[in-house]
Amino acid sequence: MPNDNDGRSAPRDVSRRHLFKQVGLAGAAAAVTAAAPGVVTAVAQTAEPTAAAPKPQAAMPAMPLAAPRLEALETLTAAEADTLEAIVARLIPSDENGPGATEARAAHYIDRALTGPLRGSRASYAANLAATDVYAQAKKGAPFARLTPQDQDSVLADMEKNVATGFTPNAAAFFALVRAHTIQGTFCDPYYGGNANFVGWDLIGYPGIRLAVAADEQRMKVRAKPERASAYADAGFAMTGATKGGGHGHRP
């Protein structure tokens, strides 16, 4: 949800600042559930040729239009992925403070995890992402992903307050579930499919996992140089076989 200073009227309970207070520096790095590999994104669209455009000659076929990079979905349907992407984008939005859940690929993390450690939540996502669209259509006149950010915030506020109807077991329970998973996907070790390019760690100033801290880095008000590496890239994990998944639910 939006920052308190961005001019919108989102409820404080789901604001970006409130999220960071609850996550905490150490908790953000530690509160991670293991996930299985996979990917998530919307389907690319190609442009239709105009009537005035000349037809390509048989000997020289037209060059294909550049399309966004496609990523396969592990478990979510295309419609579910669109709705989830829109939800996580409002829970931790991209704003003047930096990138958010979209850039961190939090929805990708969730999609992967739903094939493994979070598989018990798959039915809830199927039922309640659909319920989100039904409620958004009834209240705002369009599926959730097609609403304005302000209308999306209004729907999410109704879900958090348990005002929204049609959810299983209720709207507040699903809101809490997807919010927790969005936080995990934004701030987890990149090994699990979220925190792409370490944007989540950079956002909260977490320097990454390290075995030693130099004296200069222990000074007050000194920000340690980021270690842009997954914990699973460490040789110690390779020795124990953790890079092949270990007990973390990840499939290489």
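Here we summarise the structure given alongside this text.

For the structure on display, the rule yields seven aromatic pairs. Ring geometry for Tyr191 versus Tyr232: centroids 3.8 Å apart, planes at 25°, classification stacked. Highlighted residues: Tyr191 in the loop between α8 (171–187) and α9 (199–204) and Tyr232 in the loop between α9 and α10 (235–240), separated in sequence by 41 residues. Seen from their ring centres, Tyr192 and Tyr232 are 5.7 Å apart, and the 80° between their planes marks the pair as edge-to-face. With Tyr192 in the loop between α8 and α9 and Tyr232 in the loop between α9 and α10, this pair connects stretches of sequence that are 40 residues apart. Look at Tyr192 and you get buried, because its relative accessible area is 5%. What makes Tyr232 buried here is its relative accessible area of 10%. Aromatic ring contacts, followed pair by pair, group Tyr125, Phe167 and Phe174 into a single cluster.

Before going further, it helps to examine the side chain of Ser230. Mapped onto the secondary structure, Ser230 falls in the loop between α9 and α10. Owing to a relative accessible area of 18%, Ser230 belongs among the buried residues under this scheme. Among the polar contacts made by the side chain of Ser230, one reaches the side chain of Asp189 at a distance of 2.6 Å. At a separation of 3.0 Å, a polar atom in the side chain of Ser230 contacts the main-chain amide nitrogen of Tyr232. Setting aside its immediate chain neighbours within four residues, Ser230 contacts Asp189, Tyr191 and Phe198.

A few words on helix α7 (residues 149–160). Since the α-helix turns once every 3.6 residues, residues separated by three or four places project in the same direction. In this model α7 runs 16 Å from its N-terminal to its C-terminal C-alpha over twelve residues, within 8% of the 16 Å that 1.5 Å per residue would give. Within α7, the full set of buried residues consists of Gln152, Asp153, Val155, Leu156, Ala157, Asp158 and Met159. On its buried side, α7 packs onto α3 (78–91), α6 (122–140) and α8. Positive backbone phi, at 65°, marks Asn162, one or two positions downstream of α7.

Leu84, Tyr125, Phe144, Met159 and Phe167 are the most contacted members of the largest nonpolar core, which totals 39 residues. For this core, the elements supplying multiple residues, two or more each, are α3, α5 (106–113), α6, α7 and α8. If we ignore the near neighbours within four places in the chain, the residues touching Met159 are Thr132, Ala164, Phe167, Ala171, Ala172, Phe174 and Phe175.

Before going further, it helps to spend a moment on unusual backbone geometry. For the bond from Thr168 to Pro169, the omega torsion is -10°, close enough to zero to count as cis. Note that Pro169 resides in the loop between α7 and α8. One non-glycine residue, Phe198, lies in positive phi territory at about 65°. The exposure class of Phe198 is buried, given its relative accessible area of 15%.

It is at 10 Å that the axes of α3 and α6 come closest, and there the two elements cross at 80°. Between α3 and α6, the interaxial angle falls into the category roughly perpendicular. Residue-level inspection shows Glu80, Thr83, Leu84 and Ile87 of α3 in contact with α6, the latter providing Arg122, Tyr125, Ala126, Leu129, Thr132 and Asp133.

Below, the discussion takes up α8. In this model, α8 (17 residues) spans 24 Å end to end at C-alpha, consistent with the 24 Å of a helix rising 1.5 Å per residue. The buried fraction of α8 amounts to twelve of the 17 residues, a majority that puts the element mostly inside the structure. Residues of α8 that are buried: Ala171, Phe174, Phe175, Val178, Arg179, His181, Thr182, Ile183, Gln184, Gly185, Thr186 and Phe187. Backbone nitrogen of Ala172 and a side-chain oxygen of the N-cap are separated by 3.2 Å at the start of α8; the cap is Asn170.

With that settled, consider the environment of His181. The topology assignment puts His181 in helix α8. A relative accessible area of 6% means that His181 is categorised as buried. Spatially, the C-alpha atoms of His181 and Tyr109 are 8.3 Å apart, while their sequence positions differ by 72 residues. Contact partners of His181, with chain neighbours within four places excluded, come to Tyr109, Ile110, Leu118, Ser121 and Tyr125.

As a further point, take the environment of Thr168. In this structure, Thr168 sits in the loop between α7 and α8. As a C-alpha pair, Thr168 and Ser124 span 44 residues in sequence and 7.0 Å in three-dimensional space. Setting aside chain neighbours within four positions, we find Thr168 in contact with Ser124 and Asn128.

Cut-offs used in this document
- Residues numbered from 1 in each chain as written.
- Predicted model: local features only at pLDDT ≥ 70, side-chain atom pairs only at ≥ 80, totals over all residues.
- Heavy atoms only, no water.
- Phe/Tyr/Trp six-rings, centres within 6.5 Å; stacked < 30°, edge-to-face > 60°.
- Helix = DSSP H or I, 4+ residues; strand = E, 2+ residues; numbered from the N terminus.
- Buried < 20%, exposed > 50% of the residue type's maximum accessible area, 1.4 Å probe, protein only.
- Polar contact = N/O pair within 3.5 Å; in protein donor to acceptor, adjacent residues only side chain to side chain.
- Contact = heavy atoms within 4.5 Å.
- Expected span 1.5 Å × (residues − 1).
- Core = buried A, V, L, I, M, F, W, Y, C linked by side-chain atoms within 4.5 Å.
- Axes fitted to C-alpha atoms, helices over the stretch in contact; angles between N-to-C directions.
- Parallel < 35°, antiparallel > 145°, perpendicular 65-115°, else oblique.

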